[in-house]
Number of protein chains: 2
Amino acid sequence: MRQTNHFEITANNIRAAAQRIAGQVIRTPLIPCDSISKSLGCELFFKAENLQHEGSFKIRGATNAVNSLVERMGKKELAQRGVITHSSGNHAAALARAATLKGIDAKIVMPQNSSRRKFNAVRQYGIEPILCEPSSEARQLKADEIISQTGSKMIHAYDHSDIIAGQGTVGLEILEQITNADVILTPVGGGGLLAGILLAVKNADPQIQIFGCEPTLADDAHRSLHAGTLQKPTRYDSVADGLRTCLGDLTFPIIQHFVDEILLVDEPEILAATRTIATHGRLVAEPSGAVTLAAACRYRQKFQEQRVVAVISGGNLDMGECTLGKSR
Amino acid sequence: MRQTNHFEITANNIRAAAQRIAGQVIRTPLIPCDSISKSLGCELFFKAENLQHEGSFKIRGATNAVNSLVERMGKKELAQRGVITHSSGNHAAALARAATLKGIDAKIVMPQNSSRRKFNAVRQYGIEPILCEPSSEARQLKADEIISQTGSKMIHAYDHSDIIAGQGTVGLEILEQITNADVILTPVGGGGLLAGILLAVKNADPQIQIFGCEPTLADDAHRSLHAGTLQKPTRYDSVADGLRTCLGDLTFPIIQHFVDEILLVDEPEILAATRTIATHGRLVAEPSGAVTLAAACRYRQKFQEQRVVAVISGGNLDMGECTLGKSR
């Protein structure tokens, strides 16, 4: 096992991130699930990041990135410039929250076809999303335009060292919450969460196997590892909408160096896992967060008798609107 | 505030229960929910007993009752007699699990119209439910018949001191998990959970207000408190099926002595709260477990600026069957 790495992000950065975000993020529970464990022949635990603020792990990286910028630049300077990102997903609300907590202005560029839930999650912080066309190029172009006018600091959703270090705190918590874990399963989209967990866990205990889990319809990480070079997605229609993105220049080499394997799962398996997490885990997962249970089911022969942690990365299912009723 | 009580169950019994069941039940997380808090104008936390083994708090009382019987009678004697209960709900699987863990035979009498999910939850422990007619009388008659043949020890779902003490451990955990709670909201059906939490919390901190939450369609606790005598339910059709039962001879006087108020909620409010817990809390609650959020919404004026803990007592929603797919 390779225990050293030459990446700019170290286990120390992740420990520093954990201190930097303490009290501003939830230390999410690690929840055993007996009935699924019995069915699969392993000992299964959910790391429930769906119970995180704003319903996703993204708050960890965003909070670390904003707090870290405040430390480096000073609050006054950063408040003048503000922070900016582009995202159609959970990173949008995460950055909105992290910046608001520090009194920093955040500009959030969102594709105009983002879901109403995602727009509302940003608006609740009093921030009006800046709309753009849905393509990656249009998103970046719009962000660059604003940066050139305002000097705002870009906080990319995953290809950013403070983001990766923040997401890695999930791995530190798992190590504290369970002894003798054999396997950690984590979703892989842009790779920030997987890279962070790899850096946190493989440095502490290289015996723990770590698998990235990915939809077959969005298998760019799988193909990238086999090709040895960064491969682009070929389609964007997996139900796991958070995993349609490409690995980044920072996340790819970390994953390449440390990951045990990328496990692919099919769409019906992802939907079945989403449902099983609700029925047997009593947790609401979004499909992107349920790929880990889908992989635990599909590859169950690999995990017999093992202690398996499945990270549920988020729980922002679009279930339509709901209200809190009237006060009497 | 009245701090003393003359009941046979004391805070010491609840502390002993906590030690007796440690390691066999989950210390369920207390989860803050910012978005609902903001909407309601309070600071809301869920005590997530839906994440308990078998998806309900019932495992606490059942485990305490079985372990306590083993201590008092000796394992050999109890194994010869076995334990028995009647239940259409979560207590059935809870007793099946608690007895199985100790190697004790459990006889579970269930109304023949119980849901498939509830039957399956018992069968997973290799125990075949004993069917009876749905009425309370038929359930008790069938149980009495078996007791007279076998000498099995009856463990009633709520009107049993070890059950109440076990459920009270929810209250102890809340006290450990949050400082300066102002309010605890808990569902009330038979009253075991409410009575246990009252005994645990009011003895430690009588300033904390504790409200039982009940469907208007199953308002027997509310009527009993106002009448000063135990009132029977008049109908059995609330969607909160776990709360259709009557208070017991043990639970009623404890509730009468300590509770601040019983709050009533209507059926649409219960369904809306079930949905809100899924959307904003990312937790699956059964309607009986969602009455507490329903009350937090309906009576929000009461709770402005307060720190409110809503106990989600269970998460066994009937969502149809689901499978774990095929292994590859």
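What counts as what
Residues numbered from 1 in each chain as written. Chains lettered and ligands numbered in written order. Predicted model: local features only at pLDDT ≥ 70, side-chain atom pairs only at ≥ 80, totals over all residues. Heavy atoms only, no water. Domains from an automatic or database assignment. Contact = heavy atoms within 4.5 Å. Buried area = accessible area lost by both parts, 1.4 Å probe. Polar contact = N/O pair within 3.5 Å; in protein donor to acceptor, adjacent residues only side chain to side chain. Helix = DSSP H or I, 4+ residues; strand = E, 2+ residues; numbered from the N terminus. Nonpolar A, V, L, I, M, F, W, Y, C, P; charged D, E, K, R; others polar. Core = buried A, V, L, I, M, F, W, Y, C linked by side-chain atoms within 4.5 Å. Buried < 20%, exposed > 50% of the residue type's maximum accessible area, 1.4 Å probe, protein only. Salt bridge = Lys/Arg side-chain N within 4 Å of Asp/Glu carboxyl O. Pairing = 2+ DSSP bridges. Axes fitted to C-alpha atoms, helices over the stretch in contact; angles between N-to-C directions. pLDDT = per-residue confidence, 0-100. Parallel < 35°, antiparallel > 145°, perpendicular 65-115°, else oblique. Expected span 1.5 Å × (residues − 1).

What to know about the domain arrangement of chain A
Interfaces are frequently sized by the accessible area removed from exposure as the parts join.
Residues and elements named next belong to chain A.
Part 1 of the argument: Domain parsing of chain A yields domain 1 (11-56 + 160-312) and domain 2 (58-154).
Part 2 of the argument: With centres defined by C-alpha atoms, the gap from domain 1 to domain 2 works out at 24 Å.
Part 3 of the argument: With 23 residues of domain 1 at the contact, the number on the domain 2 side is 22 residues.
Part 4 of the argument: With both sides pooled, the region where domain 1 packs onto domain 2 buries about 1,800 Å², and carbon together with sulfur makes up 43% of that total.
Part 5 of the argument: When the area that domain 1 buries against domain 2 is broken down by residue, the three leading residues are Arg20, Gln24 and Glu54, summing to 36%.
Part 6 of the argument: Connecting domain 1 to domain 2 are 18 residue pairs in polar contact (both at pLDDT 80 or more).
Part 7 of the argument: Broken down by secondary-structure element, the contributors of at least two residues to the side of domain 1 that touches domain 2 are α1 (11-21) and α8 (161-177).
Part 8 of the argument: Considering every element that reaches the side of domain 1 that touches domain 2, the biggest residue donor is α8, with eight residues.
Part 9 of the argument: Of the residues that constitute the side of domain 1 that touches domain 2, the class distribution is seven nonpolar, nine polar and seven charged.

What to know about the nonpolar core
Part 1 of the argument: Counting residues in hydrophobic clusters, the biggest one holds 70 residues, and the most contacted among them are A:Phe46, A:Leu283, A:Leu293, B:Phe46, B:Leu283 and B:Leu293.
Part 2 of the argument: Residues in contact with B:Leu283, not counting those within four places in the same chain, are A:Leu51, A:Arg282, A:Leu283, A:Val284, B:Ile31, B:Phe46, B:Ala48, B:Asn50, B:Leu51, B:Ile277, B:Ala278 and B:Ile312.

Remarks on the side chain of A:Ser313
Part 1 of the argument: With respect to the secondary-structure elements, A:Ser313 resides in the segment after β10 (307-312).
Part 2 of the argument: Apart from residues lying up to four places away in sequence, A:Ser313 is in contact with A:Glu49, A:Asn50, A:Gly55, A:Ser56, A:Phe57, A:Pro187, A:Leu193, A:Ser288 and A:Gly289.

Remarks on the pattern of salt bridges
Part 1 of the argument: Considering all chains together, one arrives at 34 salt bridges over all chains under this definition.
Part 2 of the argument: Across the salt bridge formed by A:Lys202 and A:Asp260, the nearest N and O atoms sit 2.6 Å from each other. You can see A:Lys202 sitting in helix α9 (residues 192-204) and its partner A:Asp260 sitting in the loop between α11 (251-258) and β9 (261-265), a full 58 residues away along the chain.
Part 3 of the argument: Exposure remark for A:Asp260: the relative accessible area of 28% places this residue in the partly exposed category.
Part 4 of the argument: B:Glu128 is the partner of B:Arg123 in a salt bridge, and the nearest nitrogen-oxygen pair spans 3.1 Å.

Looking at the sheet that holds strand β6 (residues 153-154) of chain A
All names here are of chain A.
Part 1 of the argument: Judged by pairing direction, the sheet is parallel, and its four strands sit side by side in the order β5-β4-β3-β6 without closing on themselves. The outermost strands of the open sheet, each flanked by one partner alone, are β5 (130-132) and β6.
Part 2 of the argument: Relative to β6, strand β3 (residues 83-86) runs parallel, the two sharing two bridges. Among the inter-strand pairings, valine 83 is bridged to a residue of β6, identified as lysine 153.
Part 3 of the argument: Each of β4 (106-111) and β5 touches helix α6 (residues 116-123); the most contacted strand, β4, lies at about 170° to it.
Part 4 of the argument: Contacts between helix α7 (residues 136-150) and the sheet are confined to β3, β4, β5 and β6, with β4 contributing the most and set at about 155° to the helix.

What to know about the environment of B:Asp34
Part 1 of the argument: With respect to the helices and strands, B:Asp34 occurs in helix α2 (residues 34-40).
Part 2 of the argument: A distance of 3.1 Å separates polar atoms of two side chains, one belonging to B:Asp34 and the other to A:His53.

What about the sheet that holds strand β6 (residues 153-154) of chain B?
Residue and element names in this part refer to chain B.
Part 1 of the argument: In spatial order, the strands read β5-β4-β3-β6; together these four strands make up an open sheet with parallel pairing. Looking at the sheet topology across the chains shown, the edges are occupied by β5 (130-132) and β6.
Part 2 of the argument: Here helix α5 (residues 90-101) sits on the sheet in contact with β3 (83-86) and β4 (106-111), set at roughly 170° to β4.
Part 3 of the argument: Packing of helix α6 (residues 116-123) onto the sheet brings it into contact with β4 and β5, and relative to β4 it is tilted by some 170°.

Comments concerning the confidence of the model for chain A
Part 1 of the argument: Put simply, chain A has an average pLDDT of 94, and 95% of its residues get 70 or more.
Part 2 of the argument: Model confidence for the complex is summarised by a pTM of 0.94, with the ipTM given as 0.93.

Focus: the packing of helix α12 (residues 267-281) of chain A against helix α13 (residues 287-298) of chain A
Residues and elements named next belong to chain A.
Part 1 of the argument: One way to put it is that α12 packs onto α13 with a least axis distance of 7 Å and a crossing angle of 100°. Taken together, the axes of α12 and α13 are roughly perpendicular relative to one another. Residues Glu269, Ile270, Ala273, Thr274, Thr276 and Ile277 of α12 form the contact with α13, whose own contacting residues are Pro287, Ala290, Val291, Leu293, Ala294 and Arg298.
Part 2 of the argument: The residue inventory of the contact of α12 with α13, partitioned by class, reads eight nonpolar, two polar and two charged.

Digging into helix α3 (residues 58-73) of chain A
All names here are of chain A.
Part 1 of the argument: Relative to the 22 Å expected for 16 residues at 1.5 Å per residue, α3 spans 23 Å between its end C-alpha atoms, a close match to the ideal helical length.
Part 2 of the argument: Counting buried residues in α3 gives 13 out of 16 residues, a clear majority hidden from the surface.
Part 3 of the argument: Looking at the residues trailing α3, positive phi occurs at glycine 74, about 85°.

Digging into the side chain of A:Ser114
All names here are of chain A.
Part 1 of the argument: By secondary structure assignment, the location of serine 114 is in the loop between β4 and α6.
Part 2 of the argument: Given a relative accessible area of 11%, serine 114 falls into the buried group.
Part 3 of the argument: Side-chain polar atoms of serine 114 contact the backbone oxygen of proline 111, separated by 2.7 Å.
Part 4 of the argument: The residues contacting serine 114, other than those within four sequence positions of it, are Ser88 and Phe119.

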